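Inside the fold
Chain residues, written in single-letter form:
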2 protein chains.
Amino acid sequence: MCVTPHIVYIYIHILLVVVVIGGRLWWQMAEFVHLVVVKFKEEVVVEDVIKGLEKLVSEVDSVKSFVWGKDIESMEMLRQGFTHALVMTFSSKDDFNAFQAHPNHVEFSTTFSAAIDKIVLLDFPVVTVKPPPT
Amino acid sequence: MCVTPHIVYIYIHILLVVVVIGGRLWWQMAEFVHLVVVKFKEEVVVEDVIKGLEKLVSEVDSVKSFVWGKDIESMEMLRQGFTHALVMTFSSKDDFNAFQAHPNHVEFSTTFSAAIDKIVLLDFPVVTVKPPPT
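Residues numbered from 1 in each chain as written. Chains lettered and ligands numbered in written order. Predicted model: local features only at pLDDT ≥ 70, side-chain atom pairs only at ≥ 80, totals over all residues. Heavy atoms only, no water.

1. Quick look at the overall build of chain A
Within chain A one finds 5 helices and 5 strands. Counting from the amino terminus, helix and strand elements in chain A follow one another as α-β-α-β-α-β-α-α-β-β. Per-residue burial over chain A gives 45% buried out of 134 residues. Considering only contacts in chain A between residues 6 or more positions apart, those separated by 24 or more positions represent 81%. Carbon and sulfur atoms form 63% of the exposed surface of chain A, whose accessible area is close to 7,100 Å². (Helix = DSSP H or I, 4+ residues; strand = E, 2+ residues; numbered from the N terminus. Buried < 20%, exposed > 50% of the residue type's maximum accessible area, 1.4 Å probe, protein only. Contact = heavy atoms within 4.5 Å. Areas by Shrake-Rupley, 256 points an atom, 1.4 Å probe, with all protein chains shown as cover.)

2. Remarks on the packing of aromatic side chains
Enumeration over the complete set of coordinates arrives at 10 aromatic pairs over all chains. Summarising the aromatic geometry, the rings of Phe-90 of chain A and Phe-99 of chain A are spaced 5.4 Å apart at their centres and angled 45 degrees between planes, so their arrangement reads as tilted. Phe-99 of chain A matches Phe-90 of chain A in its accessibility class, with the two residues each being buried. Of note, Lys-118 of chain B hangs over the ring of Phe-82 of chain B, and the distance from its end group to the ring centre comes to 4.6 Å. (Phe/Tyr/Trp six-rings, centres within 6.5 Å; stacked < 30°, edge-to-face > 60°. Lys NZ or Arg CZ within 6 Å of the ring centre and 35° of its normal.)

3. Describing the pattern of salt bridges
Applying the stated criterion to the full structure yields 12 salt bridges over all chains. The residue Lys-93 of chain A makes a salt bridge to Glu-73 of chain B at a minimum N-O spacing of 2.9 Å. Of this pair, Lys-93 of chain A sits in helix H4 (residues 93-101) while Glu-73 of chain B sits in the loop between strand S2 (65-70) and helix H3 (76-79), which puts the two residues in different chains. Classification of Glu-73 of chain B by relative accessible area gives partly exposed; the value is 24%. A salt bridge links Arg-79 of chain B to Asp-71 of chain B; the nearest nitrogen and oxygen atoms lie 2.9 Å apart. The burial state of Arg-79 of chain B is the same as that of Asp-71 of chain B; both residues are buried. It is possible to trace a salt-bridge network through shared partners that takes in Asp-71, Glu-76 and Arg-79 of chain A. (Salt bridge = Lys/Arg side-chain N within 4 Å of Asp/Glu carboxyl O.)

4. Considerations on the interface of chain A and chain B
Listed by partner, the interface residues are 57 residues for chain A and 56 residues for chain B. Summing both partners gives a buried area of about 4,800 Å² for chain A against chain B, and 74% of it is carried by carbon and sulfur. Area buried by chain A at its contact with chain B is led by Leu-122, Val-129 and Lys-130 of chain A, which between them contribute 13% of it. Where chain A packs against chain B, one counts 2 salt bridges. Along the contact surface separating chain A from chain B lie 22 residue pairs in polar contact (both at pLDDT 80 or more). If you tally residues by element for the side of chain A that touches chain B, the top one is helix H1 (residues 5-28) of chain A, at 9 residues. (Buried area = accessible area lost by both parts, 1.4 Å probe. Polar contact = N/O pair within 3.5 Å; in protein donor to acceptor, adjacent residues only side chain to side chain.)

5. Some thoughts on the sheet that holds S2 of chain B
As summarised here, the arrangement of the 5 strands in space is S5(A)-S2(B)-S3(B)-S1(B)-S4(B), forming an open sheet in which the pairing is antiparallel. Among the strands making up the open sheet, the edge pair consists of strand S5 (127-130) of chain A together with strand S4 (116-125) of chain B. The mean angle between the axes of side-by-side strands here comes to 15 degrees, regardless of whether they run parallel or antiparallel. Two strands pair when backbone bridges link them, and S5 of chain A and S2 of chain B are joined in this way by 3 bridges, in the antiparallel orientation. In the strand pairing of S2 of chain B, Thr-128 of chain A is matched with Val-67 of chain B. On the sheet, helix H2 (residues 46-59) of chain B packs against S5 of chain A together with strand S1 (32-40), S2 and strand S3 (84-90) of chain B and is oriented at approximately 0 degrees with respect to S3 of chain B. Of the strands in this sheet, S1, S3 and S4 of chain B touch helix H4 (residues 93-101) of chain B, which is tilted by about 40 degrees from S1 of chain B. (Pairing = 2+ DSSP bridges. Axes fitted to C-alpha atoms, helices over the stretch in contact; angles between N-to-C directions.)

6. A few points about the sheet that holds strand S1 (residues 32-40) of chain A
Read across the sheet, 5 strands follow the order S4(A)-S1(A)-S3(A)-S2(A)-S5(B) without closing on themselves; strand pairing throughout is antiparallel. Here the strands that pair on one side only, and so sit at the sheet edges, are strand S4 (116-125) of chain A together with strand S5 (127-130) of chain B. For this sheet, the mean inter-axis angle between neighbouring strands, taken without regard to orientation, is 15 degrees. Here helix H2 (residues 46-59) of chain A sits on the sheet in contact with S1, strand S2 (65-70) and strand S3 (84-90) of chain A together with S5 of chain B, set at roughly 0 degrees to S3 of chain A. Most of the contacts of helix H5 (residues 103-115) of chain A go to S4 of chain A, to which it runs at about 130 degrees, and overall it touches S1, S3 and S4 of chain A.

Laid out in structure tokens, this is it:
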């Protein structure tokens, strides 16, 4: 049995188009972000808090992605004492609501609240101006 | 001329593996985030500021992606007066430095500074805990 190269090229072409469009759609999908900017109390071991968050996001399916970071530019006037940012994404506001109401999140919130000195929290639907290259 | 299905399957398999690994690498690549949390002055037309940002990120190649959002949960105690978040990503700290030093950014910063009531700004390398599905 054999397949003509013609058919193979068409097949691969369709496959690539689906993958590329899929990639773009993923990013452009009405995503929702839960953004936390925080300064932890001095005695807090940040690694422990991150471990707790790792556990939490692995347990709650509606959390689509979770990244975090610690400011390294240290422009004190601009960071205003805040040191860490936590960014969770969700496919929809409903998924975010599910996360908020999830018992594991409710439980973790108590631990988290005890660890923070100050916090700013924003929850917003994402407006994409410049999507990353796919 | 004909191609055996065997070869076709192997080819498509390799192609998919490359696409999937590429997708993961993109996300896991040492990315750098420039995060701005802001409250604009009351008289400011936010759309105009966003238009300025759109222009800026389209002019500066080192900006990999730019998304923004306006908080819709309005938990005043937690958002502390801040209303908007701006998130820019870069492939590396060097790309971020190039953006910071770019004359168009320096010029835009003056306009932006005049529009803000308060701001928190964090610049950090991304630590990915839960990557989005690829």
